[in-house]
Amino acid sequence: MTSSSSSYPVRSESALEYPGGDGAVQLMDLYLPETGGLPVPVVLWLHGGGWFTGDRTLAPDLAGIAARTGIAFASIEYRLSGEAVFPAPLEDVIAAIRHLRAHGEQWGIDGRRIGLWGASAGAHLAALAGLAASSTVAGAPADAQVSCVAACYPPVDLELIIATQPAGRRWQQTPEGRLLGEDPGTDAGRKAAQAANPLTHVSQQAPPFLLCHGTADALVPPIHSQMLFEALASHSIDARLYLLDGYRHGFVNPPGRLDVQIAAVMDDGRLQSESNAAAVLRDTRDPEPRNTSFSFGDIEQFLATHLRPCAPKPLEESGETAT
């Protein structure tokens, strides 16, 4: 299937198989911008859902972003906690990275330029995979390293989330506890929680990061992105953190997706798009926080900067047509 856009036409391939971390078959959907034969970078999209629900279709408009940026996107599935506990989903993400690096050429993908982007539980896995593969102590294979990570409202310290649950709620009743499969109050559970904490794996070899988090997020408080930002800053990693004023959990996915146009009728009857959020930006290259706005364009620009795709070319200039 090919979709039309004002930049690149995009071809999609659905339900492609890749070997997961346990050798079982997992699925991915590819969104491939047609760039006239030039190999393109790829970003793996990791869906949210508390590690126990959701699938590869829970995603922003990846075809539209591919069309605008010239970057391919692979939306993957990974084992959920009802099937296998940590580190199973991380193993699947790493397996998908390695699969695209080794076999991406058949789809016109440049396996040397791979990024990660996820939301919520998917953001946790994106951060963890990006950091574990770059860490000298994590044990992840070197060919799983990525060029950049975009993480939207990631849970970081799972032990902290479990410890701050309402009285009477047992660890087995939390998404974090089901992922770990162990009580963090025990030695085994504490060890699992430490391994699943991205902060454990931050090193000077970490890739660039973009973090975004709503200040009104009650499900995963913004302190988690703040802790990860501070750890990256302490290692002088190129990182930026957008704190979105008043936003709650889930603004990357529909129905409340940030890039969905909100129609506002102007005086002359025209419609106006309101897709920017007021935010405070913290950047490791500039110690002073500053007021700014945030949109999907910031994520797209971050990915484009660190993956260096070919420059978008309007269809009318390239002579191509979309069907």
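1. Some remarks on unusual backbone geometry
(1) Moving on: The residue after Phe86, namely Pro87, is reached through a cis peptide bond having omega 15°.
(2) Moving on: Located in the positive-phi region is Trp51, a residue other than glycine, with phi close to 65°.
(3) Moving on: Note on placement: Trp51 falls in the loop between β4 (40–46) and α1 (62–69).
(4) Moving on: Using a relative accessible area of 1% as the deciding quantity, one classes Trp51 as buried.
(5) Moving on: Its identity is not glycine, yet Ser236 carries a phi of approximately 60°, on the positive side.
(6) Moving on: Checked against the element boundaries, Ser236 lands in the loop between α7 (223–234) and β9 (239–244).

2. Some thoughts on the environment of Ala123
(1) Moving on: Of note, Ala123 is situated in helix α3 (residues 121–134).
(2) Moving on: The spatial distance from the C-alpha of Ala123 to the C-alpha of Tyr153 is 6.8 Å, given a sequence separation of 30 residues.

3. Observations concerning the pairing of strand β2 (residues 10–19)
(1) Moving on: Relative to strand β3 (residues 25–33), β2 is paired through eight bridges, and the arrangement is antiparallel. Bridging across to β3, Glu13 finds its partner in Leu30.
(2) Moving on: The antiparallel hairpin formed by β2 and β3 contains five residues in its connecting segment, where Gly23 sits at a positive phi of about 90°.

Criteria and cut-off values
- Residues numbered from 1 in each chain as written.
- Predicted model: local features only at pLDDT ≥ 70, side-chain atom pairs only at ≥ 80, totals over all residues.
- Heavy atoms only, no water.
- Helix = DSSP H or I, 4+ residues; strand = E, 2+ residues; numbered from the N terminus.
- Buried < 20%, exposed > 50% of the residue type's maximum accessible area, 1.4 Å probe, protein only.
- Pairing = 2+ DSSP bridges.

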